[in-house]
Amino acid sequence: MTDTAPRPRRLQGADVGIPPRQLDFRLPDELAPWAYSENATATLFLAMLSAIFPPGEDFFVRSVVAFRDRVTDEELRARVAGFTAQEVIHSREHDRLNAAFRDRGFPVGVPEKAVATALKVLGRTSPRQQLACTALMEHFTAVLAEDILSTDEFQKRVHGDICELWLWHALEELEHKSVTYEVYEVIGTDQKERDRSVPLVLGTVGVAAVFGWAYLLVQQGVWRRPRDLREGWRLMFGPGQFMRRVLARMPVFNHPRFHPDRHDTRALEQRWRETLFGAQGTLTEHLRRPAGKRTV
Ligand SMILES: [Fe+2]
Ligand SMILES: [Fe+2]
């Protein structure tokens, strides 16, 4: 006798609040000359960040997928699927933005390659250590994302042509912020491993990112413009400014009771889901097709 009862449908990312949204950002033929506060130094920092996302997110996905078979909980498996799909789409859209930056004359391939090489070095550590490093870097992206979404500073400073791509990416970073850490919990977190991930990430990805930014500053001749450098540094790392705020929240990762969800961002996420993908959402028309049940 054959069993004709329909199999229950497998949970997917969209069922657990991590919907992969197929987006096509329409970037203008020509980007604004300096998209961050009309400042070259800060704009090149943003370009460097965009450049390093594709290799970074590829590393994140690989380090999580390496342990996917250890995850037996169906909901977490669906969250892993949602995380993976979101990161793949992020990389694709950042590739497009990076192509636009290249057309603008920024050699963003240099920071991208530098970070790809740094990640190859990181890839020589154990798979467990790589997952711990990914958990740290996902903490960084989540804090960065929350900062972008929780004030209107980023929207005021970043040119409208590219701002929405960052807002969408930031929302999804918050939606999947705890997936990596929860997979890490499945295999058993280790304090020493978590502590080691700080110098490991700083010594590889951190160095490559700074090198990439410096390369862009030199290549664009900005290093000869001290006023721009001073202002760009202030906008990014000055007291109370964007990256200073983000970096100040990094050490919590090493707290013994760290978990990304201890810091509740659900209300912020819901607000931005509505703003970007609600009935009147600013990006709703960019969606290629509905991303399943929980687009909003
Ligand atoms: Fe991402
Ligand atoms: Fe992420």
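Summary of the structure given here. (Residues numbered from 1 in each chain as written. Chains lettered and ligands numbered in written order. Predicted model: local features only at pLDDT ≥ 70, side-chain atom pairs only at ≥ 80, totals over all residues. Heavy atoms only, no water.)

1. A look at helix α8 (residues 191-219)
Put simply, the rule reads: Here a helix means four or more residues in a row that DSSP labels H or I, a strand means two or more in a row labelled E, and each is numbered from the N terminus. Given the number of residues in a helix, its expected span is that number minus one, multiplied by 1.5 Å. Here the bend at each residue means the angle between axes fitted to two seven-residue stretches, the one ending at that residue and the one beginning there. For every residue, the accessible area (1.4 Å probe, protein chains only) is compared with the maximum for its type, and the residue is labelled buried under 20%, exposed over 50%, or partly exposed between those bounds. Contact criterion: two residues are considered in contact whenever any of their non-hydrogen atoms come within 4.5 Å of each other.
Here α8 contains 29 residues, and its C-alpha end-to-end distance of 41 Å stays within 8% of the 42 Å for a straight helix at 1.5 Å per residue. Along its length, α8 shows its largest kink, about 35 degrees, at L202. Where α8 is concerned, the buried positions are E193, R194, S197, V201, T204, V205, A208, A209, G212, W213, L216 and L217. Buried residues belonging to α8 abut α1 (40-65), α3 (109-122), α4 (127-150), α7 (179-187) and α9 (226-237). Positioned one or two residues after α8, G221 has a phi angle of 75 degrees, which is positive.

2. Details of the coordination of the iron ion (ligand 2)
Basically, it comes down to this: Only N, O and S atoms count as donors, using a 2.8 Å limit from the metal and a wider 3.2 Å limit for Na, K and Ca, and since water is excluded some coordination spheres may look unfilled. Key to geometry: four donors with every angle between 85 and 135 degrees are tetrahedral; four donors are square planar and six octahedral where opposite donors lie over 155 degrees apart and all remaining angles lie between 65 and 115; all other sites are irregular.
Within the protein, the atoms that donate to the iron ion (ligand 2) are E87 (OE), E138 (OE), E138 (OE), E173 (OE), E173 (OE) and H176 (NE2), at distances of 2.1 to 2.7 Å. Around the iron ion (ligand 2) sit six donor atoms; with metal-centred angles ranging over 52 to 152 degrees, the donor geometry is irregular. Sequence positions of the residues that donate to the iron ion (ligand 2) give the spacing E-x50-E-x34-E-x2-H. The distance between the iron ion (ligand 2) and the iron ion (ligand 1) comes to 3.8 Å, with E87 serving as a donor to both metals. Of this pair, E87 sits in helix α2 (residues 74-103) while E138 sits in helix α4, placing them 51 residues apart in sequence. On the basis of relative accessible area, E87 is assigned to the buried category, the value being 1%. Under the relative-accessibility criterion, E138 is labelled buried at 1%.

3. Thoughts on the packing of aromatic side chains
Our working definition: Each aromatic pair joins two rings of Phe, Tyr and Trp (for Trp, the six-membered one) with centres within 6.5 Å, and gets the label stacked for planes under 30 degrees apart, edge-to-face for over 60, and tilted for any other angle. The rule is short: NZ of Lys or CZ of Arg within 6 Å of the ring centre and within 35 degrees of the ring normal puts a charge over the ring.
Taken as a whole, this structure holds 16 aromatic pairs when the rule is applied. In textbook terms, an aromatic cluster arises when at least three aromatic residues are bridged by ring pairs, as seen for Y36, F53, F154, W166 and F242. The aromatic ring of W34 is capped on one face by R104, whose charged end is 4.7 Å from the ring centroid. In this arrangement the basic side chain of R194 is found over the ring face of F253, its NZ or CZ atom lying 5.8 Å from the centre.

4. Points about empty space enclosed by the protein
Here the idea is plain: a probe the size of a water molecule rolls over the atoms and shows the empty space left. How we decide: Of the grid points, spaced at 1 Å and generated over the protein atoms alone, those admitting a 1.4 Å probe that cannot get out make up cavities, while open sets with protein on both sides within 12 Å along at least five of seven lines make up pockets; any residue with an atom within 4 Å of a point is treated as lining. Grid points are joined across faces, edges and corners, and a volume is the space filled by probe spheres set on the points. Gly counts as polar in this scheme, as do all residues outside two lists: the nonpolar Ala, Val, Leu, Ile, Met, Phe, Trp, Tyr, Cys and Pro, and the charged Asp, Glu, Lys and Arg.
Under the definition given, this model contains one cavity of 30 Å³ or more. Of the pockets and cavities examined, the largest cavity occupies roughly 70 Å³. Taken together, F53, T141, L144, A145, I148, W166, H169, A170 and E173 make up the lining of the largest cavity. Taken together, the residues of the lining of the largest cavity sort by class into six nonpolar, two polar and one charged.

5. Re the nonpolar core
Let me state the cut-off plainly: In this text, buried Ala, Val, Leu, Ile, Met, Phe, Trp, Tyr and Cys residues form a nonpolar core when linked through side-chain atoms within 4.5 Å.
Counting residues in each nonpolar core, the largest one holds 89 residues, and the members touching the most others are Y36, M137, L149, F154, I162, W168 and F242. Per element, the largest residue contribution to this core is 15 residues, and it comes from α1. Sequence-distant contacts of L149, defined by excluding residues within four places in its chain, comprise L167, A170, L171, L174, L268, R271 and W272.

6. What to know about α1
This is how it is decided: We call two N or O atoms a polar contact when they sit within 3.5 Å, provided that within protein one can donate a hydrogen and the other can accept it, with sequence-adjacent residues counted only if both atoms are side-chain atoms.
Taking 1.5 Å of rise per residue, 26 residues should cover 38 Å, and α1 covers 38 Å from first to last C-alpha, within 8% of that figure. F53 marks the point of greatest bend in α1, at about 40 degrees, and the proline P54 comes within the next four residues. Most of α1 is tucked away, with 23 of its 26 residues classed as buried. Sitting at the amino-terminal end of α1 is N39, which places a side-chain oxygen 3.0 Å from the backbone nitrogen of T41.

7. A few points about the coordination of the iron ion (ligand 1)
Summarising the metal site, the iron ion (ligand 1) is bound by the protein donors E57 (OE), E87 (OE), H90 (ND1), H169 (NE2) and E173 (OE), whose distances to it range over 1.8 to 2.3 Å. Donor residues for the iron ion (ligand 1) sit on one chain with the sequence pattern E-x29-E-x2-H-x78-H-x3-E. Of the residues examined, H169 reaches a relative accessible area of 3% and is grouped as buried.

8. Concerning the side chain of K177
The following threshold applies: In summary, the charge assignment counts Lys and Arg as positive and Asp and Glu as negative, without counting His or the chain termini. Salt bridges are counted wherever a side-chain nitrogen of Lys or Arg sits within 4 Å of a carboxyl oxygen of Asp or Glu.
Along the chain, the position of K177 falls in the loop between α6 (160-175) and α7. One buried charged residue, K177, forms no salt bridge at all, with the nearest opposite charge on D261 at 4.5 Å. At 2.6 Å, the side chain of K177 forms a polar contact with the backbone oxygen of H263. Not counting chain neighbours up to four residues away, the residues in contact with K177 comprise A142, P260, D261, H263 and T265.

9. Side note on a positive patch on the surface
For the record, the criterion: Patch membership requires over 30% relative accessible area and the absence of a salt bridge. Like charges are linked within 9 Å, and nonpolar side chains (Val, Leu, Ile, Met, Phe, Trp, Tyr) within 5 Å. For the accessible areas, the method is Shrake-Rupley and the probe is 1.4 Å, while residue cover comes only from the protein chains on display. For charged residues, the charge sits on one atom: NZ in Lys, CZ in Arg, CG in Asp, CD in Glu.
Taken together, R7, R10, R68 and R77 make up a surface patch of like positive charges. With respect to the helices and strands, R7 occurs in the segment before α1. When its relative accessible area of 79% is taken as the criterion, R7 is described as exposed.

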